[in-house]
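This is what each chain is made of:
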Amino acid sequence: MSLRSKKSSPASTPKKRRSKLAVVGGALLAVFAVCVLGAVLLCASWLRDLPDYSNIDLYAKSGYSTIYASDRTTELGRITLENRVEVARNEVSDYVIKGTVDTEDERFYMHHGVDFIGIARALVNNFTGGSREGASTITQQLVRNTVLLDEMNSITVERKVREMYIALKVEQEYTKDQILMMYINVINYGNGNYGIETAAQDYFGKPASELSLAQSAMLIAIPQSPTANNPRNDYERNLERAHLVLNRMLTHGDITQEEYDEAMAKRPKLAKHDSKDDEESTEDLAPHFVDYVKQLLQTDEFQISELTQGGLSIYTTLDANAQRAANTAVREGLSGYADEFDCSLSSIDPSSGNIVAMVGGRDYEASQFNLATQMSRQAGSSFKPFTLVAAMEQGVDPDTYIDSSSPAQITPTWTVSNSEGEGKGNMSLRSATTYSVNTVYARLAHGIGADCIVDAAHRLGIKSELLPYESICLGAQGVNTLEMASAYATLAAGGVYHEPRAILEVVNVRGESVYTAPESYGTQVLSAAIAQEATKILETVVQSGTGTAASLWCGQPQAGKTGTSENGRDLWFCGYTPQLATAVWAGYREETPTGYYGGSTCAPIWRAYTDAVLADVPYGEFPTTDEQPVYTYEWDFAEESGSDEGEAADKEKPKKDKKPKPSEDPETPEPEPEPEPEPEPEPDPEPAPEPEPEPEPAALTEE
């Protein structure tokens, strides 16, 4: 009995099995339901913050974007980021229309934006080892190349879901023919051509309405891979795909066998010249600035999808009156020089970083290369203020005396000379700045090190790469006028740095602001006390030093510094008032000795520009502070630096608290050197024939 009671009855076994199956089935169903719910919720999250697709037709418009000055009325130029001209259906060859559908989306007139049958077919084909094929419809491609252009290169399921959703919505708003024409008008046909009309003009020198069957097939072949299939890049590859286009057109009955055979036998000839109809215009007021703005618009800071629509109003920081003054100052300032002698000017508002004027060269037609933003030329002694600031930050009192004797053997391979020949004994750093004494600054740089000079220059606004060589104190490395104006603007603002900016707002065709520049509060990168002291020292450069030719007639307070590289290859004056910081460079685009000085060449241009802009501006004052710089360290600056880095000289070195007088009479005050008749006499030191352990640049000349 006991054994029987332990056995299960035959009838109970199927019930238990069914019960287990039900539990497992229920669990699987629950898991499936959770997965489906999760997928739905995930897709829903992906569909948040969709771009506006209600006016997708605007992307096919050929409207140019207009750049305005800060007054929001003065037009500086018109630009387009895509070479595109919109055409209507009757302006396009039937071959293009039919061939595009046959090649890109043969079920175009059957689906509603997403071809689920095509997706299934593509999946099966791809998994079974057939030639890989996509399943994006023409509508999806239109969405990807317009409203989702910012996400175009994102190969993710999220982007695909967003693309499919918007495609379905677009098909509810527009007819098939409207969608097809929008696609043909915006798609990338390579070689900078967007839309069939510009492609037809570029490749074959004719309108899209006159394209032959063979020519149409070649253009239809391009969008699949605009670079690889571009006939100007690879004619044979393009022709191979064009034959595929012709085959599909024949298969779908859109061309006859005779038309097919005739087109297959042809090798259409490309136009020998670029026949694109470039309708961009740039006014004469600030052409280099317009180019600069266009370059900025193509950076990551701006949404590409908005810009490619065209029809935008771009409001900039440029002051039209200041720009006119800059153009006049440069033109008149160069009137006595050779035609090849060029000039660059950049001017910034120190309180905001706004670029108010920019001259990238005297003749835009002769060269579109923007000297204000693209050049890299030696700054000469106009770089010395950054060394001065770095020294004060290291605790060097500007009243510290340093030997000015010349020539000075700073390192075994670096000899520095003053242009006037011998030095004037021991002189203060303050006076050495006023009269731009090279040997004093070389000894100073050797004492404090180059790293802190590089750091100071970058904090103040220099963007160019700077190497920590001691010769940097004499401006031996390349910069441009925009960054020099920015760095001097930081001094003018009491040590507050503002990122230079050119664009204030971008407004689309619907009057909506798609970009607004953030408020510029600036960053305190230099103590106000040191900025104030540096300004006081640089004021003396204009009052009685090498920069007297920059002395303003308008009465505004001013500070600045001249600069001249070896043999006058690069000439500079960088200066500032409370309202403006401006850098002026002059020289030849191809580096050539000029024999001129920055003080006599660039300072008058700076003065003419600044006087004109500030003629009716109320008197301003530089920022002030009750704080005083703290000079906490004693520094030794050897009369000669010795034969090795850091090697102490045998003789006693002047110290911060022990300022040796140049005269034997201790009561005799230090004589201030007289300024030379020719402003800015500071040629750079001669290069050494041997490399040193920490190599200095081969020469202190502009490269």
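Residue positions within a chain follow its written sequence, with the count starting from 1. It should be noted that, the model being predicted, local features are given only for residues of pLDDT at least 70 and side-chain atom pairs only at 80 or more, the latter also being counted only at that level, while totals for whole chains, interfaces and linings use all residues. Derived side-chain values reflect all non-hydrogen atoms in the structure, with water molecules and hydrogen atoms excluded from consideration.

(A) Structural detail: the overall build of the protein chain. Helix and strand counts for the protein chain stand at 21 helices and 19 strands. In this scheme, a residue with accessible area under 20% of its type's maximum is buried, one over 50% is exposed, and one in between is partly exposed, where area comes from a 1.4 Å probe on protein chains only. Taking all 703 residues of the protein chain together, 52% fall into the buried category. Contacts are assigned to residue pairs that have any heavy atoms within 4.5 Å of one another. Put simply, of all contacts in the protein chain between residues at least 6 apart along the chain, 73% involve residues at least 24 apart. Surface exposure here means Shrake-Rupley accessible area, sampled with a 1.4 Å probe, where a residue is shielded only by the protein chains that are shown. Counting every atom, the protein chain has about 31800 Å² of accessible surface; 51% of that belongs to carbon and sulfur. In this description a helix means any DSSP run of H or I spanning at least four residues, a strand means any run of E spanning at least two, and both kinds are numbered starting from the N terminus.

(B) Spotlight on the pairing of strand β5 (residues 341–348). Of all the eight residues making up β5, eight are buried; the element is thus mostly covered by neighbouring parts of the structure. Every second residue of β5 is oriented toward a common face, with Phe341, Cys343, Leu345 and Ser347 on one face and Asp342, Ser344, Ser346 and Ile348 on the other, all of them buried. By definition, two strands form a pair when at least two bridges between them are found by DSSP. Sheet topology places β5 next to strand β19 (residues 581–588); eight bridges connect them, and they run antiparallel. Within the sheet, the bridge partner assigned to Asp342 lies in β19 and is Gly587. Here β5 runs beside strand β6 (residues 355–359); their pairing, made up of four bridges, is antiparallel. Within the sheet, the bridge partner assigned to Leu345 lies in β6 and is Val359. Here β5 hands over to β6 after six residues, with Gly353 in that stretch at a positive phi of 85°.

(C) Summary view of the packing of aromatic side chains. In summary, the pairing rule links any two rings of Phe, Tyr or Trp, Trp by its six-membered ring, whose centres are within 6.5 Å, and it sorts them by plane angle into stacked for under 30 degrees, edge-to-face for over 60 and tilted for everything else. Applying the stated criterion to the full structure yields eleven aromatic pairs. Consider the rings of Phe108 and Tyr109, whose centres lie 4.9 Å apart with planes at 75°: the pair is edge-to-face. Look at Phe108 and you get buried, because its relative accessible area is 0%. When the ring of Phe386 is compared with that of Tyr488, the centres are 6.0 Å apart and the planes differ by 75°; the resulting orientation is edge-to-face. Here the residue Phe386 occupies a position in helix α15 (residues 384–393), and Tyr488 occupies one in helix α19 (residues 481–492), the gap between them amounting to 102 residues. By the burial criterion, Phe386 is buried, and Tyr488 matches it. Two conditions define a charge sitting above a ring: the NZ of Lys or the CZ of Arg must be within 6 Å of the ring centre, and it must be within 35 degrees of the ring normal. The side chain of Arg72 reaches across the aromatic face of Tyr315, ending 3.7 Å from its centre. Just above the ring of Phe108 sits the side chain of Lys176; from NZ or CZ to the centre is 4.5 Å.

(D) Structural detail: the nonpolar core. We call a set of buried residues a nonpolar core when its members are Ala, Val, Leu, Ile, Met, Phe, Trp, Tyr or Cys and they connect through side-chain atoms within 4.5 Å of each other. Ranked by internal contacts, the top residues of the largest apolar core, which has 94 residues, are Phe289 and Met484. Considering each element in turn, this core owes the most residues, eight residues, to α19. In contact with Phe289, not counting residues within four places along its chain, are Leu76, Thr316, Thr317, Leu318, Ile355, Met358 and Ala502. Formed by 53 residues, the second largest nonpolar core is a distinct cluster that contains Tyr174, Tyr183, Ile222 and Ala242.

(E) Up close: unusual backbone geometry. With omega at 0°, the peptide bond leading from Ser406 into Pro407 counts as cis. Counting through the fold element by element, Pro407 comes out in the loop between β8 (401–403) and β9 (408–411). Of note in the backbone geometry, Ser436 takes a positive phi value of approximately 55° without being a glycine.

(F) Structural view of a negative patch on the surface. A contiguous patch of negative charge on the surface is contributed by Glu75, Glu283, Asp284, Asp363 and Glu365. On the secondary structure map, Glu365 appears in the loop between β6 and β7 (377–378). Owing to a relative accessible area of 66%, Glu365 belongs among the exposed residues under this scheme. The residues that make up patches have over 30% relative accessible area and no salt bridge, and they are joined within 9 Å when like-charged or within 5 Å when they are Val, Leu, Ile, Met, Phe, Trp or Tyr. What makes a salt bridge here is a side-chain nitrogen of Lys or Arg within 4 Å of a carboxyl oxygen of Asp or Glu, nothing more. Charged-residue counts in this description rest on Lys and Arg as positive and Asp and Glu as negative, His and the chain ends being excluded. Taken as the charge location is NZ of Lys, CZ of Arg, CG of Asp or CD of Glu.

(G) Representation of the side chain of Ser520 in the model. By secondary structure assignment, the location of Ser520 is in the loop between β15 (513–516) and β16 (523–524). Within polar-contact distance, the side chain of Ser520 engages the backbone oxygen of Ser352 at 3.2 Å. A distance of 2.7 Å separates a polar atom in the side chain of Ser520 from a polar atom in the side chain of His498. Dropping the residues within four chain positions of it, Ser520 is found in contact with Ser352, His498 and Arg501. Here a polar contact is recorded for every N or O atom pair within 3.5 Å, except that within protein the pair must consist of a potential hydrogen donor and a potential acceptor, and residues adjacent in sequence are included only if both atoms are side-chain atoms.

(H) How the structure looks around the pattern of salt bridges. Taken as a whole, this structure holds 18 salt bridges when the rule is applied. Across the salt bridge formed by Arg241 and Glu104, the nearest N and O atoms sit 3.9 Å from each other. Here Arg241, found in helix α10 (residues 235–251), pairs with Glu104, found in helix α3 (residues 94–104); they are 137 residues apart in sequence, far enough to count as distant. The class of Glu104 is buried, set by a relative accessible area of 16%. Of the charged contacts in the structure, one is a salt bridge between Glu533 and Arg430, with a shortest N-O distance of 2.8 Å. One end of the pair, Glu533, is in helix α20 (residues 528–544); the other, Arg430, is in helix α16 (residues 429–434), with 103 residues separating them in the sequence. By relative accessible area, which is 11% here, Glu533 ends up buried. One network of salt bridges, with partners in common, ties together Glu393, Asp455 and Arg459.

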